[in-house]
Structures are given as structure tokens and as C-alpha cells.
Amino acid sequence: MEPEISVQTGVIIAVNFIIIVGNILIILVLCNTNCLHNVNKLFFYSLTFADLCLGLFITPFSILTSFFGQWVYGDNRFCQIEAYLTTIFWIAGLYSLMCINVDHYIAIRRPERYNTLMSPVRCICWTVFVWFSAFSFCCPPLFALHRARYDEEAFMCIIDTRLQLAYFITAGLIMTCPPIFGLIYTISYLCSSSFRKKREVYETILQDRASRPWNYFMNSVASVIFTLAWIPWCVLQVHDIIYSRNQNGYRSPLHFYLLWLAIGNSFYKFFIYITMSREFRMGLRQLWSKPDCSCSASRIQEQESNVITLDTKMRNRSTMDV
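For every chain, the first residue of the written sequence is number 1, and numbering continues from 1 along that sequence. In keeping with the model being predicted, local features are shown solely for residues with a pLDDT of at least 70 and side-chain atom pairs are shown and tallied solely at 80 or more, while totals for entire chains, interfaces and linings include all residues. Hydrogens and water are ignored here; the side-chain numbers use all heavy atoms of the structure.

S.K.: Which residues make up the packing of aromatic side chains, and what are the values?
M.R.: Any two of the Phe, Tyr and Trp rings considered here, Trp counted by its six-membered ring, make a pair once their centres fall within 6.5 Å; the pair's planes then place it as stacked at under 30 degrees, edge-to-face at over 60, or tilted in between. Applying the stated criterion across every chain yields a total of 27 aromatic pairs. Residues F256 and Y257 carry aromatic rings whose centres are separated by 5.0 Å and whose planes lie at 80° to one another, so their mutual orientation is edge-to-face. Burial classes: relative accessible area under 20% of the type maximum marks a residue as buried, over 50% as exposed, and values in between as partly exposed (1.4 Å probe, protein chains only). F256 sits in the buried class, given a relative accessible area of 0%. Owing to a relative accessible area of 37%, Y257 belongs among the partly exposed residues under this scheme. Ring geometry for F267 versus Y268: centroids 5.0 Å apart, planes at 75°, classification edge-to-face. Given the relative accessible area of 19%, Y268 is considered buried.

Put into C-alpha cells, the structure is as follows:
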């Protein structure tokens, strides 16, 4: 087939570029500034790392396949590894979103116990669990032959669930239900009267933590967009499995745009934070005025010191009330 630069090729290049640049900027802001001091940086690193890996190790290979209109990397084993790495990064991103929301929920709902429930050691353990779970989901069928296929419409390798449908239905429910329920529960708390009261406390008494409720809201927006972006493609996949449709005119270009709309989740949060977070914009300005690629080791203890300050203020408030 003759090489051809199509609209799909342009979309893939644009998405790939924004994923890499956007997530690198987020990492630089987290590393080199203290602007995002009211978020759990460990969970944020996990989410950003998963999205960046997608832009470095998955989407670039779709550029050539869209350019030539076919799979050009030879061995099917490479296609299989690409499909499962995509799943690993997706699962890690979903769990990291949930962890960030849970962290905000505990910080606002139970600020006096935040130091205990979300200690640095526990956060590290949760992050390790997230990535271990993502790899565990893919390990059993990873080395089996002919378990992934190249999608000619989307120019990506995806897991062929039809060959192991029972496994993926069971494992998929086990893996996706906990984070989805966690997101639903933590997001619903934003609509409660308790949240509004806690927000007033942060705005009047804990002013150095005043951005915590707003960061909670922004991450909830990112979680909702994440879910809404993946639903259309998942519905289309279920429709294909049920009706076994694979006609040329049925899935193209709909299948391409729905999948890449979902992949765009890897950079959506960058635009959410740049439009909604004044602290993030300040961090970008600091990077522009003072570029520094070194991460201070002392910032690793920032979360613990912030919580100590929070506990002190809460005790002082209790004393004043008495």
C-alpha cells in the first residue's frame, strides 16, 4: 500500500505530541515547584507516569501504521505486548484517579486522621498495589499466542477479548468495579452539606489549605471526563462482540475517533488544570522564569509536614471552642 498522510495520521500525531508535552510539564511542575502543595504528589506522579508511558510506548507506533495503512512491525508478539501495555497503563491510570479522589476525601472529611490514614508509607504501598494489580490482570494471558489483534480502523493493537471472553469479563469486573465505585462515592460527597461545611472551614480557618476542596473538585471533573470518554468506545466494543459485526463501513471512521477520543484522557487533565487551577498556572510561570530540572529531596516529606500543620490548627480550633 502506498504511504499516505491522512486526517487520522494528523490526529494521531497531535494526540501523541500533546500527551508527551502535557505530562512532562505536569511532572516538571510537581518536581520543581511547590505550587501544587495541596495534592498527594505520589498518586499524581503515578497517574502522570501512566499517561506519559502511553504517549511514549504506545501511541507513537500508530503513526507509521496510519501512514502505511497496515501493520508494519512484523511479529505479532510485538502487537500483543503493545495491547497489554495499553491495558496496564489504563488500569493504573484509573486506580490512580481513584486514589487521588480518596486522598482528597479523607483530607476534607477526616482531617484529624489524615496523617494516620494517608501516611507516606501507606501511600507508597497503595501505589505499588495499583501497578501490581495492573500487571497481574495482564500476566495470565500475556504470553499466550494470538490473544491480541491489530485494529485496522484505529491503527492500534487491542486485546481480542472474543478468544478469552470469560476471563476478561470476570477479571474486568474485579479490576474496574472497585475504582469506579470509589470514584462514584467520593464524587457524590461533593454534593453533600458536609462538604460545604468543611469547605467553609478550609476557607476561614485553614487558609493555607484552602485550595484542597477546589483540587478535589478538579480531580472529580477529570474522573468524570475519563469515564465519559471511554464509555462510547466500550459500548461499541460490546456491540461488535454481540452482533459480530466487522463490515468495512460500520466501524470506520467511528471506531477510530471513539478510541482516540478515549486515549485523549492522557492529556485532558493538563487542560483541566491549566484552565481551572491558579496554582498550576503559577507553577508553569515559575518553570518559565526559573527552569530547573532537579527535584529537591526535602519535598518528599512535604505531605507529612503539611499534615502536622493541619493537625496543629485543628487542635487549636478545638481548644478555642472549649
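Here the narrative resumes, following the displayed structure.
S.K.: A description of the confidence of the model for the protein should follow, citing residues and the corresponding values.
M.R.: As a general rule, the predicted coordinates of low-pLDDT regions are not to be interpreted in detail. One number per residue, pLDDT, summarises how confident the predictor is, and it ranges from 0 to 100. Summary statistics for the protein give a mean pLDDT of 82 and a share of 82% for residues scoring 70 or more. Segments assigned H or I by DSSP are reported as helices when at least four residues long, segments assigned E as strands when at least two residues long, and all are numbered from the N terminus. Across the protein, the element-wise mean pLDDT spans from 45 in helix α14 (residues 302–321) up to 95 in helix α2 (residues 41–57). Throughout residues 247–251 the model reports pLDDT below 50, and contacts reaching past four residues in sequence, or to other chains, amount to twelve contacts. Overall, residues 317–322 carries pLDDT values under 50, and its contacts beyond four positions in sequence, including any with other chains, amount to two contacts. Here, residues are in contact when the closest pair of their heavy atoms is within 4.5 Å.

S.K.: Mind laying out the pairing of strand β2 (residues 156–159), listing which residues take part and the relevant values?
M.R.: Residues of β2 alternate between two faces, with M156 and I158 on one and C157 and I159 on the opposite face, all of them buried. The pairing of strand β1 (residues 148–151) with β2 spans four bridges and is classified as antiparallel. Following the sheet pairing, A148 is matched in β2 by I159. Paired strands, as defined in this entry, are two strands with at least two bridges between them according to DSSP.

S.K.: Can you tell me about the pairing of β1, naming the residues and giving the values?
M.R.: Burial along β1 is two-sided: A148 and Y150 facing one way and R149 and D151 facing the other are all buried. Linkage of β1 to β2, two consecutive antiparallel strands, is achieved through a turn of four residues, within which F155 is found at a positive phi near 60°.

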